[in-house]
Amino acid sequence: MKFRNFLLIAILSWFMSACAPVGTDVSPTEDLAQNTTPTGETPMMKQPLITTMYTADPSAHVFEGKLYIYPSHDLDHDNPGTNDGDQFDMEDYHVFSMESVQSPLVDHGEVLHVRDVPWATKQMWAPDAAFKDGAYYLYFPARDKDHIFRIGVATSKSPAGPFTAEPEYIQGSFSIDPCVFVDDDGQVYMYFGGLWGGQLEKWQTGEFDPNGTEPVATQAALGPRVAKLSEDMLGFDGPAQEISITDENGQPITAGDRSRRFFEASWVHKYNGVYYLSYSTGDTHYIAYATSESPTGPFVFRGYILFPVIGWTTHHSIVEFDGKWYLFYHDSSLSGGVTHKRSMKFTELFYNPDGTIKPIDP
Ligand code: FUB
């Protein structure tokens, strides 16, 4: 009797699987999940998250209950550096994920290469990712065929990629370091911009001016740009606006105030209804932050989140995961201080009761 039941179930299951319509039994996410490699590296705070490759500019997000990280992939070369950032000659992106901050990091492999981006030529710098209506979007800067930094977008059905690039860069985009923030009302904003290698000072007239320079020391510093994203997430819904960062008296932070002025690496998050814009101060090497009641500012300077790390650049993201807040950042400790060979790290971030952030000593 038992054997007859077993036989019946076996025949039925074979019949059902043989009759399933082709292509409908494996979801894209399950399919792609097979291309993952547990790195075997258990995350430890303030230690490199991966030691088999160099990674930088980590943008962290919670998607589908896991923590996903979208970093730059630094190449292991010894080309000389310039103020234009030519040593940051990255070609592709890998995506990483963690089930929890105690579980091993998973490398989802190469998810986009510059050869597969029709408009881009080189230097795939700091990316970010976003989700809307069942699709994932990877935003990234790269130099176009005229050597000008633009921002592109690539799409996927999975947060782990692979991503397919749109044929053109986002019209109206320029400079580097996109950060995409989805507000509680569903409106999506992109913040971007970076000085020097990132060319922001060359866009002060609204056109690319190869001779553009930073404002003089007593003038207002250049601010990051913000643009609303269109409904389809593939373009800007109107021209980008400059964000103003002021001191506590409402006076613009000046270009000469190098320990507080915006340089690159914008990140926006919301805590207790307040918008926090954090950024790198570049040649003074801080991650600073400013707050506002509005996603488009003006933002008021509040202090520092991260003191200088080993290496010239500093770049971060802030994410809430399982009820705690984390700072993802990078430094050059693993390479012995080589600025363009960086490693992503993370640590917990704490707020004071007044909403200010406790600065972190890396
Ligand atoms: O990774 C290349 C550049 O270095 C980024 O775009 C900047 O933010 C800096 O981290």
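Residues numbered from 1 in each chain as written. Predicted model: local features only at pLDDT ≥ 70, side-chain atom pairs only at ≥ 80, totals over all residues. Heavy atoms only, no water.

A. Representation of the overall build of the protein within the structure. Along the protein, the regular secondary structure elements total two helices and 22 strands. When contacts within the protein are restricted to residue pairs at least 6 apart in sequence, long-range pairs at least 24 apart make up 54% of them. Only carbon and sulfur atoms are counted for the fraction: they give 53% of the accessible area of the protein, which is about 16100 Å². (Helix = DSSP H or I, 4+ residues; strand = E, 2+ residues; numbered from the N terminus. Contact = heavy atoms within 4.5 Å. Areas by Shrake-Rupley, 256 points an atom, 1.4 Å probe, with all protein chains shown as cover.)

B. Molecular detail of the site of the ligand. Taken together, the neighbourhood of the ligand is formed by Asp57, Met90, Trp125, Ala126, Ile176, Asp177, Glu264, Thr313, His315, His330 and Arg342. A distance of 2.6 Å is found between an oxygen atom of the ligand and a side-chain nitrogen or oxygen belonging to histidine 315. With the chains in place, 99% of the 270 Å² that the ligand exposes on its own is no longer accessible. Here the residues of the shell around the ligand sort into four nonpolar, three polar and four charged. (Near = heavy atom within 4 Å. Polar contact = N/O pair within 3.5 Å; in protein donor to acceptor, adjacent residues only side chain to side chain. Nonpolar A, V, L, I, M, F, W, Y, C, P; charged D, E, K, R; others polar.)

C. Local environment of the packing of aromatic side chains. Considering all chains together, one arrives at 32 aromatic pairs under this definition. Relative to tyrosine 68, the ring of phenylalanine 63 has its centre 6.4 Å away and its plane inclined at 40°; by these criteria the two rings are tilted. When its relative accessible area of 8% is taken as the criterion, phenylalanine 63 is described as buried. Residue classification places tyrosine 68 among the buried positions, given a relative accessible area of 3%. For the ring pair tryptophan 196 and tryptophan 312, a centre distance of 6.0 Å and an interplane angle of 40° mean the geometry is tilted. Of the two residues, tryptophan 196 sits in the loop between strand E12 (188-192) and strand E13 (225-228) while tryptophan 312 sits in the loop between strand E19 (299-306) and strand E20 (317-321), which places them 116 residues apart along the sequence. (Phe/Tyr/Trp six-rings, centres within 6.5 Å; stacked < 30°, edge-to-face > 60°. Buried < 20%, exposed > 50% of the residue type's maximum accessible area, 1.4 Å probe, protein only.)

D. Examining the side chain of glutamine 123 more closely. As for its placement among the helices and strands, glutamine 123 is situated in the loop between strand E6 (120-122) and strand E7 (128-132). Setting aside anything within four residues of it in sequence, one finds glutamine 123 in contact with Gly85, Asp86, Phe88, Asp89, Met90, Pro141, Ala142, Arg143 and Phe149.

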